[in-house]
Each structure stands twice: as C-alpha cells, then as structure tokens.
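# Understanding the architecture of this molecule
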Amino acid sequence: MLDVRLFRTEPQLVTDSLLRRGIHKEQIDEIVALDAQVRELSSSRDELRSRVRALSNEVGQLFRSGDKEAAEDLQSESRALGAQEKDLDLQAEELSAKLRDALLHMPNMPSEDAPDGASEHDNVVVRTEGFDPESYAPHQRVPHWDIGTEHGILDVERGVKLSGSMFVMYRGAGAALVRALCQLALDRNADLYEEVRPPTMVRTATMVSTGHLPKFIDDAYHLERDDLWAIPTAEVPLTSLARDEILDESSLPMRFMAHTSCFRREAGSAGKDTRGLLRVHEFDKVELFAYSTESQAQQLHAEVLARAEQLIADLGLAYRVLDLCAGDIGASARRTFDIEVYAPGVERWLEVSSVSWFGDYQARRANARYRHRDGKGTGICHTVNGSALAVPRVWAALVETNRQADGSIAIPELLQPYMRGLKSIGGQLGV
RNA sequence: GGAGAGAUGGCAGAGUGGACGAUUGCAACGGUCUUGAAAACCGUCGAGGUGCAAGCCUCCGGGGGUUCGAAUCCCCCUCUCUCCGCCA
C-alpha cells in the first residue's frame, strides 16, 4: 500500500500519478479527508489518555500516603475522563479502519518511466527477437493440443475428468518436459538466487501482503474449512518470507527463487483463450524474487528481466518484450515488463513472464523492513519479482515451434540432460 | 485428535495491579587505551504514530473484559514446545 503521508504531503503528485491508471480524484480526496479526521480524533484522544494516566498516578500516590478521600475524588474524575476517552477512541478506530481499507484498495503509483495508456492495447513493444512470421512451415502451424494428443503427451480430456475444464494432465515425455523446464530454470539461476520451496497454501495475511487480497478475492482459490488460500504465484509466500521482520541492510539485496504450483480461478475470463494450455487453473512456475533497498531495486528489476529473457532466447523461442502502460500494470506494481513468446501453432503471442518492480508497496503491506547500515532507523524494503519460467505456455510454444516435418518434436539441447537424454518426442531421432 | 507447559526488545531472560517501554546479560554502535587488534573501562542502544519543537500517545503473541490505573487479573483465539494417538 502507499504511504498515507504521501497523500497528506503530496496530494497533487499522488493524484496525477493515480489518474494515469484510472483512479478517480474523489477516491484520493476521500483518503486525504479521512486521514485528517483520524489524526484530529487521535490527538484529542491521546490528550485525554495522558490526563487519565497522570490522574491514575496521583491516585496511587494518595492511596499510599493514606489520603483516601482525595484519592476517591480523583478516581471519579478519572473515571469520567476515561468514558470520554473511550468514546473518542471508538470513533478514531472506526475511521482509521475505513482509511486502511481505502488504502489497501488503492493501487501503486506507476513509475514515471512507464508509458501512458489505458489498456493492454497501449503497451509498448520494446523489442522482438527471433520472430519471422513467414518462416514457419506448415508442420509448425499445428496447435499444441493436437500435437499433444498425437504423441500422448498432453491429456486434456482426462485432466477435465479429474478436475474440470482448464485443468490439464501431462503424460510421458510431456510430463518430463514440465519437470525439465522447471529444473533448467532453477539451475540457471542458482548462481545468485537461493532456492526456496514454500508452502502452496497460505493464510489470509500472506495474500494481503502482495495485494492479491482484498481486491482480487475472486481470482483466488480458498479452502474455507481451514481458511487457507492456494497461492496464485510463489511471489505470495516469498513476499511474506520477511513479513514483520527487520533485515540488515548489509544482507540486501536478498534473492530467492521458487518452483511451485500456481492456482488461478480465472474468474473474469470464462470461455476466453481456454483451449489447451492457453489458460489453465493450475500450473508450474519458477519465480525469481528479491528484497532490496530503494536504490538497488531498479537494477534488480533489469537483472530479473535479463535472466527471464535469456532463458526464453536460449530455448530457441521467438519472443518480444512489452513495457506495460500505466493503465495495464498490475495494481501492486510500479513498472512491469512482460515477455511474450510466439506460438506458431495457435498463431499468437503468449505471455510467459511478468517482471515487476513494486517499490515499497508490497513490503509496506508485509511490514518487511531493513535496518540502515549506520544503525539509525529502519526503511521499508523494495521488492522485485518475475517469472523465470511459467510452464504451460512455454511448453505449448516449444512443442509447436519444434515440430518437425515428420511430426516429431525436437528437444532443445539444453533440455536433453533433464529428459534422460531424450532428443526427440515421437520421431526416429529418439534414443 | 487428547493432556500439559509456554509466548516479554536483534538474541537470552527478569518482572505477577501503581513512576515499567520494561532489571540484567549477550550482540551491535561510538569513545578511551594500543603500532594495530583483543581485553578492560566509559557511553549509546527496541519499533511506530503525531507535532516546528518540547512533548504526548501506541506496542510485552492477537482480540475482548475488569480497574482510577494492566506486561501483571479474567475470557476467547492463534502459534510454539513436551507427552500420548494417528500418519507420508
């Protein structure tokens, strides 16, 4: 969430920035007004409290010195003040809860460097690599769901039987490919990133920290009986790893990577892009994540993007990088680059990675801080994250791109060691 | 799932109704001494809110209650540990 002091001291800056993502001015004015009321009420309440405390101390002294009558007089005076204090406290609490709720729903301020725009149509293509629409042969222009069935490596029907639509089952070499992609992504980043295997189900507070709750409640799976949420991305547990902790500045940046299942209800996208692996409720992903200081954050953002991008390039996929416009950036982020791969079988660009800088927005929600190097005071961490590799769409683009004239699928060389040396699926090239 | 014990600052650990935001130790930081370091000694040392400031206020796992006054008493919840049961 944003620092409420920013609304107080720089209302114009906040307004200008949030207007870029479609927030109305009245919503901002409401926060400014609530904040003023809360502070006024709190200071009146604190003043009363202070007097009650002073009186109580006197009461104690009087009782000890044996002046019972004077003590009882002060007692009743204190009691009356206490009642007033309680009344003011109730009002202050009510308003500050309202203020906090309004702040939790308020998105982050987009970076000044993020392009203007209202929707995904305004995103800016920064670069496109390895893409030539004319270069794809007819044997590559087959959708992955057909290829998957052809080789028995993707069992959509049984996935649906088990769990419903938009759940899939990988089989044989297809399942091995899922595992290979994840392990490859982990191994390539192990030089700097500590591998973490976090829980996949988390408490409400953990979901609130990243901004997935309360605003996007409909997108998340919830286990009511135990009040646990299935994570939509490893970003959720990783952001809470240091929740309510104070890190040493010297330990920053702190880099983590995690391979987890990710669960998404996709409530707003019923019937859209639902074939095959285009959009599924459960998928594997390797996420890169870092806690940092303010000054380190943007360099890390670039680092994560470079790593995600290089992996896609090394897998031999055509891709492009998008600089998301202010209106399309996720609510918690200040700037986001998306990586999309081209899938020739479905003839579409598929988003496979979203690399975001969150400023201190998430860390403030998570109360993740660091102690300044000079030992004086604390600062709120900045967080950065991005998918190193999200399986289904990479799997789809890979299978389509690498389909040979004979129908077999060539396995990229860097994946072969992770697939027991398999060089090809379904062809004579196989071992 | 059953029984018991516990939750206090970065860590350890006192405090069981009145000057306690909290004794003390360790760690950390600054200094003296030293060629340098260690040791010793002196000092500083929790996090927030609000205010120009002095100050005031909040926080002893979370929530509620009793009281003039709660870290301390009462109730509920969460978590941790030990034993039993079950179990990959």
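A brief report on the enclosed structure follows. (Residues numbered from 1 in each chain as written. Chains lettered and ligands numbered in written order. Predicted model: local features only at pLDDT ≥ 70, side-chain atom pairs only at ≥ 80, totals over all residues. Heavy atoms only, no water.)

## Details of empty space enclosed by the protein
Following the criterion strictly, the structure yields 1 cavity of 30 Å³ or more and no others. What the largest cavity holds in volume is close to 40 Å³. Leu 104, His 105, Met 106, Pro 107, Gly 211, Lys 215, Phe 216, Ala 331, Ser 332, Tyr 361 and Arg 365 together form the lining of the largest cavity. (1 Å grid on protein atoms, 1.4 Å probe; cavity = no way out; pocket = protein on both sides within 12 Å on 5 of 7 lines; lining within 4 Å. Points joined across faces, edges and corners; volume = space filled by probe spheres on them.)

## Description of the protein's contact with RNA strand B
Looking at RNA strand B, there are 21 residues lining it, with Arg 53, Ser 56, Gln 61, Ser 78 and Thr 378 nearest. Considering the 4 Å shell around the protein, atoms of RNA strand B inside it are sugar or phosphate in 72% of instances. Separating a phosphate oxygen of RNA strand B from a side-chain N or O atom of Arg 79 is a distance of 2.8 Å. The set of elements that each furnish at least two residues to the surface near RNA strand B consists of helix 1 (4–9), helix 3 (25–64), helix 4 (68–105) and strand 14 (369–371). (Near = heavy atom within 4 Å. Polar contact = N/O pair within 3.5 Å; in protein donor to acceptor, adjacent residues only side chain to side chain. Helix = DSSP H or I, 4+ residues; strand = E, 2+ residues; numbered from the N terminus.)

## Concerning the sheet that holds strand 14
Spatially, 3 strands are ordered 8-14-15 in an open sheet, and the strand pairing comes out mixed. One side of each edge strand has no neighbouring strand; the edge strands of this open sheet are strand 8 (246–248) and strand 15 (378–380). Between one strand and the next, the sheet's axes are offset by a mean angle of 35°, whatever the strand orientation. Note that strand 8 and strand 14 share 3 bridges and pair parallel. Residue pairing for strand 14: Asp 248 is matched across the bridge by Arg 371. (Pairing = 2+ DSSP bridges. Axes fitted to C-alpha atoms, helices over the stretch in contact; angles between N-to-C directions.)

## Re the nonpolar core
Core analysis: the largest hydrophobic core is formed by 64 residues, its most contacted members being Leu 181, Leu 315, Trp 395 and Leu 415. Per-element tally for this core: the top contributor is helix 7 (residues 173–189), with 9 residues. Those residues in contact with Trp 395, other than ones at most four positions away along the chain, are Ile 153, Leu 154, Tyr 170, Gly 174, Leu 177, Val 178, Leu 181 and Leu 277. Within the second largest apolar cluster, 38 residues are counted, among which are Leu 18, Ile 23, Val 52 and Val 59. (Core = buried A, V, L, I, M, F, W, Y, C linked by side-chain atoms within 4.5 Å. Buried < 20%, exposed > 50% of the residue type's maximum accessible area, 1.4 Å probe, protein only. Contact = heavy atoms within 4.5 Å.)

## Some thoughts on the sheet that holds strand 4 (residues 194–196)
Paired through backbone hydrogen bonds, the strands of a sheet run either parallel or antiparallel to each other. Judged by pairing direction, the sheet is mixed, and its 8 strands sit side by side in the order 1-11-12-13-16-10-9-4 without closing on themselves. Every other strand in the sheet has two partners, leaving strand 1 (124–129) and strand 4 as the edge strands with one partner each. Ignoring strand direction, the axes of neighbouring strands in this sheet form an average angle of 25°. Where strand 10 (residues 282–292) meets strand 16 (residues 382–390), 8 bridges bridge the pair, whose relative direction is antiparallel. The residue bridging Lys 285 from the neighbouring strand is Ala 390, located in strand 16. Helix 7 contacts strand 4, strand 9 (254–263), strand 10 and strand 16 of the sheet and is inclined by roughly 10° relative to strand 10.

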